[in-house]
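Summary of structural features
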Amino acid sequence: MVTGGGEDVAARANSSELNQYNKFLTVENAEAVDDMWKHLYRSINLCNAIVSKAPEASELTAAQATMYEAQARYLRAFDYFWLTRLWGEVLIVTTENQETVDEAVQSPVADIYDLIVADLQFAETNLDPEYPGLALPTKGAAKALLAEVYLNMAGWPMNDASKYALARDKAKEVMDMNMYSLEPNFGDLWLVANKFTNSEFLFFFNGDGSNFGTSCKIHQCQRPSEEGGWSDVVSEVRFYEAFPEGPRKYWSFKEVFDDAANTNWRDSRLGVPIIWKYMDAGIGGSRHDGRSASWGGDGFFPVSRYSEVLLIYAEAANMAEGGPSAAALEAINKVRRRAGGFDQSVYADLPNGMSQSEFDDAVIAERAWELAFEGKRWFDLVRKEMVVEANIDTHPAVREYHRLLPKFGTDVRLIEGLTQNEGYPQ
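Notes on the structure follow. Note on numbering: residues in each chain are counted from 1, in written sequence order. Reporting in this predicted model follows two pLDDT cut-offs: at least 70 for local features of residues, and 80 or more for side-chain atom pairs to be given and counted; totals over whole chains, interfaces and linings ignore these cut-offs and use all residues. No hydrogens and no water enter the side-chain calculation; it runs on all heavy atoms of the structure.

1. A closer look at the overall build of the protein
Keep this limit in mind: Here a strand is any run of E in DSSP of at least two residues, a helix any run of H or I of at least four, and the numbering for each starts at the N terminus. In this setup the radius of gyration rests on C-alpha atoms only. A globule is expected at 2.2 Å times the number of residues raised to 0.38. The classification of residues rests on relative accessible area computed with a 1.4 Å probe and restricted to protein chains. Under 20% of the type maximum is buried, over 50% is exposed, and intermediate values are partly exposed. Whether two residues are in contact is decided by their heavy atoms: any pair within 4.5 Å suffices. Positive charge is attributed to Lys and Arg, negative charge to Asp and Glu, and no charge count is given to His or to the chain ends. Note on charges: their place is set at NZ of Lys, CZ of Arg, CG of Asp or CD of Glu.
The number of helices and strands found in the protein is 15 helices and 6 strands. The globule rule puts the C-alpha radius of gyration for 426 residues at 22 Å, and the 21 Å found for the protein is close to it. For the protein, with 426 residues in total, the buried portion stands at 55%. In the protein, the share of contacts with a sequence separation of at least 24, taken over all contacts with a separation of at least 6, comes to 68%. In the protein, 40 positive and 64 negative side-chain charges are present, and the distance between their average locations comes to 2 Å.

2. A word on the pattern of salt bridges
Pairing is possible between side chains that carry opposite charge, provided their charged atoms lie close to one another. Test applied: Salt bridge criterion: a side-chain nitrogen from Lys or Arg within 4 Å of a carboxyl oxygen from Asp or Glu.
Scanning all chains against the criterion turns up 39 salt bridges. Of the charged contacts, one joins Asp119 and Arg73 as a salt bridge, the two residues approaching to 2.8 Å between their closest N and O atoms. Here the residue Asp119 occupies a position in helix α4 (residues 109–126), and Arg73 occupies one in helix α3 (residues 62–87), the gap between them amounting to 46 residues. For Arg73, a relative accessible area of 17% corresponds to the buried category. The residue Arg403 makes a salt bridge to Glu385 at a minimum N-O spacing of 3.5 Å. Here the residue Arg403 occupies a position in the loop between α14 (387–391) and α15 (409–414), and Glu385 occupies one in the loop between α13 (377–383) and α14, the gap between them amounting to 18 residues.

3. Concerning helix α5 (residues 139–153)
Just so we agree on the cut-off: Residue count minus one, scaled by 1.5 Å, sets the expected span of a helix.
Counted at 1.5 Å a residue, the expected span for α5 with its 15 residues is 21 Å, and the 21 Å between its end C-alpha atoms agrees. The buried fraction of α5 is high, at 14 of 15 residues.

4. A look at the packing of aromatic side chains
We apply this condition: Only rings of Phe, Tyr and Trp enter the pairing, Trp through its six-membered ring, and a pair is recorded when the two centres are within 6.5 Å. The plane angle decides the type: under 30 degrees is stacked, over 60 is edge-to-face, the rest tilted. Whether a charge lies above a ring is judged from NZ of Lys or CZ of Arg, which has to be within 6 Å of the ring centre and within 35 degrees of the ring normal.
Following the criterion strictly, the structure yields 31 aromatic pairs and no others. These aromatic residues form a ring-pair network of at least three members: Phe186, Trp190, Phe196, Phe201, Phe204, Tyr278, Phe300 and Phe301. Above the face of the Phe122 ring, Arg73 is positioned so that its terminal group lies 4.7 Å from the ring centre. The cationic tip of Arg403 hangs over the ring face of Trp156; the distance from NZ or CZ to the ring centre is 4.8 Å.

5. A look at the environment of Asn318
Convention followed: Counted as a polar contact is a pair of N or O atoms within 3.5 Å, where, for protein atoms, one must be capable of donating a hydrogen and the other of accepting one, and residues adjacent in sequence contribute only when both atoms are in side chains.
Take Asn318: it is sitting in helix α10 (residues 306–321). Accessibility expressed as a relative area gives 0% for Asn318, which makes it buried. C-alpha separation for the pair Asn318 and Leu145, spaced 173 residues apart in sequence, amounts to 19 Å. Residue contacts for Asn318: discarding those within four places in its chain leaves Gly323, Pro324, Gln356, Phe359 and Asp360. Here the side chain of Asn318 touches Gln356 through a polar contact of 3.0 Å, landing on its backbone oxygen.

6. Thoughts on the packing of helix α6 (residues 163–176) against α10
As a reminder of what qualifies: Orientation is described by axes fitted as lines to C-alpha atoms, over the contacting stretch for helices, and by angles from 0 to 180 degrees between their N-to-C directions. Working rule for handedness: look at the near helix, and if it is turned counterclockwise from the far one by less than a right angle, call the crossing left-handed; if clockwise, right-handed. For this classification, Asp, Glu, Lys and Arg are treated as charged, while Ala, Val, Leu, Ile, Met, Phe, Trp, Tyr, Cys and Pro are nonpolar and the rest, including Gly, are polar.
Close contact between α6 and α10 brings their axes to 8 Å; oriented N to C, the two are set at 145 degrees. The two elements α6 and α10 meet at a crossing, and its hand is left-handed. Between α6, through Tyr164, Ala165, Ala167, Arg168, Ala171, Lys172, Val174 and Met175, and α10, the contact on the second element is made entirely by Tyr306, Val309, Leu310, Ile312, Tyr313, Glu315, Ala316, Ala317, Met319, Ala320 and Glu321. Residues belonging to the contact of α6 with α10 are distributed by class as follows: 15 nonpolar, no polar and 4 charged.

7. Quick look at the environment of Ala260
Within the fold, Ala260 resides in the loop between β4 (253–254) and β5 (274–275). Spatially, the C-alpha atoms of Ala260 and Met67 are 51 Å apart, while their sequence positions differ by 193 residues.

8. Thoughts on the nonpolar core
For clarity, the cut-off: In plain words, nonpolar cores are sets of buried Ala, Val, Leu, Ile, Met, Phe, Trp, Tyr and Cys residues tied together by side-chain atoms within 4.5 Å.
Counting 87 residues, the largest nonpolar core has Tyr74, Tyr80, Leu83, Trp87, Ile116 and Phe359 as its most contacted members. Judged by nonpolar contacts, the second largest core, of 31 residues, contains Phe186, Ile274, Tyr278 and Ala368.

9. Quick look at the environment of Thr138
Relative to the elements of secondary structure, Thr138 occurs in the loop between α4 and α5. Distance in space between the C-alpha atoms of Thr138 and Tyr74 is 9.0 Å, their sequence separation being 64 residues. Excluding anything up to four places from it in sequence, Thr138 contacts Leu127, Asp128, Pro129, Glu130, Tyr131, Tyr180 and Leu202.

10. Quick notes on α4
The terminal C-alpha atoms of α4, which comprises 18 residues, lie 26 Å apart, in line with the 26 Å expected from a rise of 1.5 Å per residue. Turning to α4, its buried residues are Val109, Ile112, Tyr113, Leu115, Ile116, Val117, Asp119, Leu120, Ala123 and Glu124.

11. Considerations on the state of the cysteines
For the record, the criterion: We call a pair of cysteine sulfur atoms a disulfide when they lie within 2.5 Å.
Under the definition given, this model contains 0 disulfides. There is no disulfide at Cys47, and the cysteine sulfur nearest it, in Cys216, is 20 Å away. Classification of Cys47 as buried rests on a relative accessible area of 5%. Cysteine Cys216 shares no disulfide, and the gap to the nearest cysteine sulfur, in Cys221, comes to 9.2 Å.

12. Brief notes about the side chain of Asp119
The exposure class assigned to Asp119 is buried, which follows from its relative accessible area of 0%. Looking at Asp119, its side chain comes within polar contact range of the side chain of Arg76, at 2.8 Å.

13. Focus on unusual backbone geometry
Peptide bonds are trans in most cases, and residues, glycine excluded, mostly fall at negative phi. For the bond running from Trp156 to Pro157, omega is 10 degrees, close enough to zero to count as cis. Along the chain, Pro157 turns up in the loop between α5 and α6. Positive phi outside glycine occurs at Phe24, with the angle close to 60 degrees. Checked against the element boundaries, Phe24 lands in the loop between α1 (16–22) and α2 (31–53). Taking relative accessible area as the criterion, Phe24 reaches 10% and is therefore assigned buried. Phi angles above zero are rare outside glycine, and Phe373 is one such case at about 70 degrees. For Phe373, the location among the structural elements is in the loop between α12 (356–370) and α13.

Written out as structure tokens, the structure reads:
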């Protein structure tokens, strides 16, 4: 059963390039496919250089070299995690073969996950618990990402149910660190002033608005055109309509614009819900400004939050133990209570006595609402094998093979060991 109202994001209606993704008509060498593919591999190449060179750097102490290597391994694991979830079997590029990558052969998904797990295990062992005032991966961040990795390994395409217990246990390790907690006010999470001080972020990508090249432009990307924004990424109407009412919905969507007419999104030029989470941008303007002060901003994008750790624990414990325990129930209910502003009349606790499947549906739905627009929902649909079911009524072109994107066509033609994904022109 599909829970959570389908997909959460959609591209703007007047962008033919981005609309390929909306309608499941993506082709090889589409600009966005090209960008994601190339940037992930560029990041991997940089991480490879650090992993290989840091231990040999004479200007570093042994402790410093290990820390830099651990940070690079965390980021390399993140890169490969996205690569294999988007494209399945891809090339594993290391320092040893990056000069002859045209001769490489794509690796099975299981081998890619083996590399991801090994990198994150190294990272969790060698990273510090915190780096105050810096957006760097930490011990808790590595554990949280590893829990998410195990959760995905339990679903499609590996379908290794034994990984649920590992996901549960790794999430519990984060919980037992006693370093993280839910922010009382969901809206406060999305203020630039709080990005380094809130108790919930384990790791996030940080924008520095003092330099346009390193600034975050997500506030401008999601701002409506009525406020001078680009409206590149918006919400699907059906997702908005299915979203439970309450404080969390209020802070997730901008329903009334800060333009001269106080336009409601339903009466706007595009007529689609606007994402509000990321509109606070520091030097780029506040989330209440009618127009951004600058395209460059101090915004951020979360990779791991404590609320997701709680939901990973709830889902994985339920699946590993054959039903929801009291601990699993309490984990999801903590998230639900905050979502409703701690008002049970707005958002009530889940009750005792739910079956395993009922509880699993509830957790997947809760992930949709809590983690909306954070790059999680699509991969939930993929790993739970719900892509077609969730989209067929709205996007009739969708097929099972759309769980994966087409690989970058130029590389497929140049690299003999790289093959195009099923369903796309070979």
